[in-house]
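Per-entry structural report
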Amino acid sequence: MHARWRRLSTLQPVRESAVEIEDLNVVRGGNSVIPSLSLRVRSGSVTGLLGPSGCGKTTLMRSVVGAQIVTGGKISVLGNPAGSAGLRSRVGYVTQAPSVYGDLTVAENLSYFAKVVGVEQGRITETLQTVGLEDYLERIVSSLSGGERARVSLASALLNRPPLLVLDEPTVGLDPLLRQGLWRDFHRLARGGTTLLISSHVMDEAAECDDLLLMREGRLLRNCTPNELRGETGEEDLGKAFLRVIEMASGT
Amino acid sequence: MSARITLATGRRVLGQIRHDPRTIALLLAVPALLLTLLRYMFDGQPQVFQSIGAPLCGLFPFIVMFLITSITMLRERTSGTLERLMTLPMSKLDLLMGYGLAFGVLAAAQAIVVCAVGFGLLGLESPHGVLLVGALAILNALLGMALGLLLSAFARTEFQAVQFMPAFIFPQMLLCGLFITRDEMAPVLEAVSWLLPFTYAYDALDLAVSPGQLDATLMIDVVVVIGATMASLALGAVTLKRRTP
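Considerations on the overall build of chain B
Regarding its fold elements, chain B presents 10 helices and 0 strands. Mapped from its N terminus to its C terminus, chain B presents α and β elements in the order α-α-α-α-α-α-α-α-α-α. With the C-alpha coordinates aligned to their principal axes, the bounding extent of chain B is approximately 60 × 40 × 35 Å. Burial statistics for chain B: of 245 residues in total, 51% are counted as buried. Within chain B, residue pairs in contact and separated by at least 24 positions form 78% of the contacts whose partners lie at least 6 positions apart. Across chain B, the 15 positively charged side chains and the 14 negatively charged ones have centroids separated by 21 Å.

Take a look at the structure:
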């Protein structure tokens, strides 16, 4: 009886949201960067956080990983308050600028982060294959291109297979083939139960996501699926659909 | 705190320096070369060379580690790697101790070279043994490192970090008693010198390279140096923030 109940409960997870934000308020340098924002990120989804540069995407992501001083509101991540110590091994965060050591080799970077998060060194080759850098082990990171450095940074966050990945513009400046490959990997991770919150300012990428969060000027305009957005606006192209949503919001 | 992460951090910092052979060469060669310069500057006054050169063997690591640490840490802050580490299961102490390990090792290497040249080749004397000078050199290097970690929080660019050298280290060097005994300074300066950690670092070395019985004064100096190191590390830890604006 007990075993069956447990099986049922894994089929229907009790917690549906990996991230729940209620009334988040962030003031920076006297400006209200995010006045009041509430949202949910479904567990096991690839959720795209989309909006123009400077709309507050990075601030929101930093709030989720607990790196941002927030003024008010409640953020629950995997059932715990954002930034709590227990989450540090369960949330992977990749900043927009690659945060790896330029003066070390790819292997040395990953080896260091592997030790910090406590995974065996064998994971290094696996994660490098995921980002297509398996032949770069001995290369010094500062000699790599921007896109390659971004992938080293991404690989470092994948090492310990965290259940939540927060990725700030991970595909910027990548060649289209590699970008497509990465989105495939993101979905593969999501099928394995990982939740991915991915920001982008390129609307083309919206079509790759299961769920969308559309942001503008620190406000959340929509929290919906790509198809819902198409249905609501009557636009097939998601870029145009976003434009419609902005027009609706400003009442034109 | 975890030994695994501390050791990994120490190895990582050493790895960063290992990839920069020119820095290592400069680290090891420059103090020995400066000491040689002093030796021949004071060619006619060997006792002046002894009174300045011998303590300097233990003070070089302080100065160099201060500079290197403040820049390494500043880079860690500006490159985003510090922010990444602070979102990982790593305690601040792991990071600070890791730095301490790495720069302790570097300081030891530097002290070995400069002491070998100074006491071995240039005829400096160490009545209480070169080992004592070496041990003090490593303690001073750790003090320099701790101050560098702390001050890196107040620099936004590497240019600023480099300026901390003349701003914070030079006055301490001038007032520590190395160039002129402190009781000959204006009373205000003498009083100020008692508040500066470098004064105790110099005083310990001065005792270590002078003939005469070693007494409790040396112990007091050492305790002050260690205390200042701990205090700077504690203050440095406060500047490592997991949450930033």
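What about the interface of chain B and chain A?
Each side of the interface is counted separately: chain B has 27 residues, and chain A has 32 residues. When chain B packs against chain A, close to 2,600 Å² is buried across both sides, 54% of that on carbon and sulfur atoms. At the boundary of chain B and chain A, one finds 3 salt bridges. Measuring nitrogen to oxygen at the nearest pair gives 2.3 Å for the salt bridge that ties E83 of chain B to R62 of chain A. There are 18 residue pairs in polar contact (both at pLDDT 80 or more) connecting chain B and chain A. Taken together, the elements giving at least two residues each to the side of chain B that touches chain A come down to α1 (3-18), α3 (46-78) and α4 (81-86) of chain B. Residues that form the side of chain B that touches chain A fall into these classes: 8 nonpolar, 9 polar and 10 charged.

Quick look at the side chain of S199 of chain A
All names here are of chain A. Here S199 shows up in strand β8 (residues 195-200). When its relative accessible area of 0% is taken as the criterion, S199 is described as buried. Within polar-contact distance, the side chain of S199 engages the side chain of D168 at 2.7 Å. Separated by 2.9 Å, the side chain of S199 and the backbone nitrogen of E169 make a polar contact. Apart from the residues lying within four places of it in its own chain, the contact partners of S199 are L49, K57, M61, L167, D168, E169 and P170.

Some remarks on the layout of surface pockets
Residues and elements named next belong to chain B. Quantified by volume, the largest pocket comes out at close to 640 Å³. Lining the largest pocket are 25 residues, with T23, L27, V64, L67 and I68 sitting closest to its centre. For the lining of the largest pocket, the elements supplying multiple residues, two or more each, are α1, α2 (21-41), α3 and α7 (158-175). Looking at the lining of the largest pocket element by element, the count peaks at 8 residues for α3. For the lining of the largest pocket, the per-class residue count stands at 16 nonpolar, 5 polar and 4 charged. In terms of lining residues, the second largest pocket is bounded by 20 residues, among which R77, T78, L82, T239 and T244 are the most central. Where the lining of the second largest pocket is concerned, the elements lending two or more residues are α3 and α4. Within the lining of the second largest pocket, the residues separate by chemical class into 9 nonpolar, 6 polar and 5 charged.

Details of the pairing of strand β4 (residues 72-77) of chain A
All names here are of chain A. The pairing of strand β1 (residues 17-28) with β4 spans 5 bridges and is classified as antiparallel. Each bridged residue has a counterpart across the sheet, and for N25 the counterpart in β4 is G72. Strand direction decides the pairing type here: β4 and strand β5 (residues 80-81), joined by 2 bridges, are antiparallel. Residue pairing for β5: V77 is matched across the bridge by N80. Hairpin remark: β4 followed by β5, antiparallel, with 2 residues in the connecting loop; positive phi at L78, about 50 degrees.

Examining the environment of E190 of chain B
All names here are of chain B. Mapped onto the secondary structure, E190 falls in helix α8 (residues 187-193). Judged by relative accessible area, E190 falls into the partly exposed class, the value being 24%. C-alpha separation for the pair E190 and V222, spaced 32 residues apart in sequence, amounts to 20 Å. Non-local contacts of E190, meaning those with residues more than four positions away in its chain, are made with R182, D183 and M185.

Notes on the sheet that holds β1 of chain A
Residues and elements named next belong to chain A. A sheet is described by the order of its strands in space; here 4 strands give the open sequence β2-β1-β4-β5, paired in antiparallel fashion. The open sheet has two edge strands with one neighbour each: β2 (31-42) and β5. Bridge analysis of β1 against β2 gives 8 bridges, and the strand direction is antiparallel. In the sheet register, I21 faces β2, and the bridge partner there is L39. On the sheet, helix α2 (residues 57-65) packs against β1, β2 and β4 and is oriented at approximately 120 degrees with respect to β1.

Some points on the confidence of the model for chain A
Do not read the predicted coordinates in detail wherever pLDDT is low. On average, residues of chain A score 89 in pLDDT, and 94% of them are at 70 or above. The least confident element of chain A, judged by mean pLDDT, is helix α1 (residues 2-11) of chain A at 47; the most confident is helix α3 (residues 106-117) of chain A at 96.

Things to note about the environment of R84 of chain B
One can find R84 of chain B in helix α4. In the structure, R84 of chain B is positioned 125 residues away from V209 of chain B in sequence and 45 Å away in space, judged by C-alpha atoms. When neighbours within four sequence positions are excluded, R84 of chain B is seen to be in contact with Y93, V94, S99, V100, F113, S153, S156 and A157 of chain A.

Calculation notes
- Residues numbered from 1 in each chain as written.
- Chains lettered and ligands numbered in written order.
- Predicted model: local features only at pLDDT ≥ 70, side-chain atom pairs only at ≥ 80, totals over all residues.
- Heavy atoms only, no water.
- Helix = DSSP H or I, 4+ residues; strand = E, 2+ residues; numbered from the N terminus.
- Buried < 20%, exposed > 50% of the residue type's maximum accessible area, 1.4 Å probe, protein only.
- Contact = heavy atoms within 4.5 Å.
- Lys, Arg positive; Asp, Glu negative; His and termini not counted.
- Charge placed at Lys NZ, Arg CZ, Asp CG, Glu CD.
- Buried area = accessible area lost by both parts, 1.4 Å probe.
- Salt bridge = Lys/Arg side-chain N within 4 Å of Asp/Glu carboxyl O.
- Polar contact = N/O pair within 3.5 Å; in protein donor to acceptor, adjacent residues only side chain to side chain.
- Nonpolar A, V, L, I, M, F, W, Y, C, P; charged D, E, K, R; others polar.
- 1 Å grid on protein atoms, 1.4 Å probe; cavity = no way out; pocket = protein on both sides within 12 Å on 5 of 7 lines; lining within 4 Å.
- Points joined across faces, edges and corners; volume = space filled by probe spheres on them.
- Pairing = 2+ DSSP bridges.
- Axes fitted to C-alpha atoms, helices over the stretch in contact; angles between N-to-C directions.
- pLDDT = per-residue confidence, 0-100.

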